[in-house]
Amino acid sequence: MRIPEPARMSGSSRRDRFGWFVALPIGVLVAVLLVLPGGSLLPTVRPWLGLAVPPLLLILLWRRSRPALLAGLLPLAAWSAVFGGHLLPDGDVPHDLVVVQHNVSDENPDPAATVRTLIADDPDLVALEEITPEAVPAYTAAFPAEYAHHTIHGTVALWSRHPLTEAAPLDIRPAGLGDDWNRGLRAVARTPQGDIAVYVAHLSSVRPGLTGLDTARRDDSARKLGAALTAEPHERVILLGDLNATATDPGLDPVTAHLGTDGSDFAFTFPAALPIARIDHVLARSLTVTAVRTLPRTGSDHIPIVARLRH
């Protein structure tokens, strides 16, 4: 009696099996990561998950299977839904204010050149972080007469074309740090459109640890900043700062509950050598941030951003 040989799997069946059990799970995983909220790390790398789409589409071309097609289309659709709108040009959007935000770095070798870059778009407000006491004279001398109004508290500063009142330090110190940690300020800018409360903040850095990213101090700073925004009596508010988080990071929820931005995760600012995330922000209340873009690189490890706002 002759035992029949097992049926040989056709090429089409092998391709479909590869698609169902290899390509499709990868595509589903990438799509889920794109649309679900995460901690501090996932929002930072989420725009770059789109890089998984081209290899999946190459698998589609190679294997020519329907599951592989689905594996490529799922993350492509998810990425397009989340980020696709930000690829469209902003156009000539009307605006009332132009503001610049930059962590200048406490090791910046050329403050004068940095200031020239920051004022190239004739901004109304320029916020700086990591400005050391030793560097203050150089920055002050570099700003032209149009920016005669300025205030400096600790390592944060604000230059303005418009008069500033009520300028004072803003205490956003994380628990356990001393009085020498001063990385926040609040002032009121008297613009032609009316008074605007302006905050400049530099939240605590995120540190890698044995169990992942340590965000405790940054989150504590964010909660204190959020409390200040809750108590802010002025309806119109602008926040400029290095927040050490993307706008979608849950750690910034106490801040973003009060303020909004342009909604784009692009205009990456850090690290300057190979920017992968925007952690420098312009956010506002009762003003609309219509566009954010990066400026040329300075002597800092951050890239400056310029934003346009309208009432």
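Structure first, text after, so check above.
Report on the accompanying structure. Everything numeric in this text was worked out from a predicted model, so none of it was measured.

1. Let's talk about the pairing of strand β4 (residues 156-160)
Part 1 of the argument: Summarising burial for β4: five of the five residues are buried, a large majority.
Part 2 of the argument: Of the two faces of β4, the one lined by Val156, Leu158 and Ser160 and the one lined by Ala157 and Trp159 are each fully buried.
Part 3 of the argument: Where strand β2 (residues 125-129) meets β4, five bridges bridge the pair, whose relative direction is antiparallel. Along β4, the bridge assignment pairs Glu129 with Val156.
Part 4 of the argument: Relative to β4, strand β3 (residues 149-153) runs antiparallel, the two sharing five bridges. Note that in β4 the partner of Thr151 across the bridge is Leu158.
Part 5 of the argument: Counting the residues in the hairpin turn of β3 and β4 gives two residues, including Gly154, whose phi is positive at 60°.

2. Describing the sheet that holds strand β12 (residues 288-294)
Whether parallel or antiparallel, the strands of a sheet pair through hydrogen bonds between backbone atoms.
Part 1 of the argument: Strand order in the open sheet made by the six strands is β3-β4-β2-β1-β13-β12, with mixed pairing throughout. Looking along the sheet, the strands with just one partner apiece sit at the ends: β3 and β12. In this sheet, neighbouring strand axes are inclined to one another by 15° on average, regardless of whether the strands run parallel or antiparallel.
Part 2 of the argument: Examined bridge by bridge, strand β1 (residues 97-103) and β2 share five bridges and lie parallel to one another. Each residue of the ladder has a partner; that of Gln101, found in β2, is Ala127.

3. Description of the pairing of strand β6 (residues 184-191)
Part 1 of the argument: The buried fraction of β6 amounts to seven of the eight residues, a majority that puts the element mostly inside the structure.
Part 2 of the argument: Strand direction decides the pairing type here: β6 and strand β7 (residues 194-202), joined by eight bridges, are antiparallel. When the bridges of β7 are listed, Ala187 appears paired with Val198.
Part 3 of the argument: Taking the residues that link successive antiparallel strands as the turn, the β6-β7 hairpin has two residues.

4. Comments concerning the environment of His234
Part 1 of the argument: Structurally, His234 can be placed in the loop between α7 (216-231) and β10 (237-242).
Part 2 of the argument: Separated by 51 residues in sequence, His234 and Arg285 have C-alpha atoms that sit 9.6 Å apart.

Cut-off values and rules
- Residues numbered from 1 in each chain as written.
- Predicted model: local features only at pLDDT ≥ 70, side-chain atom pairs only at ≥ 80, totals over all residues.
- Heavy atoms only, no water.
- Buried < 20%, exposed > 50% of the residue type's maximum accessible area, 1.4 Å probe, protein only.
- Helix = DSSP H or I, 4+ residues; strand = E, 2+ residues; numbered from the N terminus.
- Pairing = 2+ DSSP bridges.
- Axes fitted to C-alpha atoms, helices over the stretch in contact; angles between N-to-C directions.

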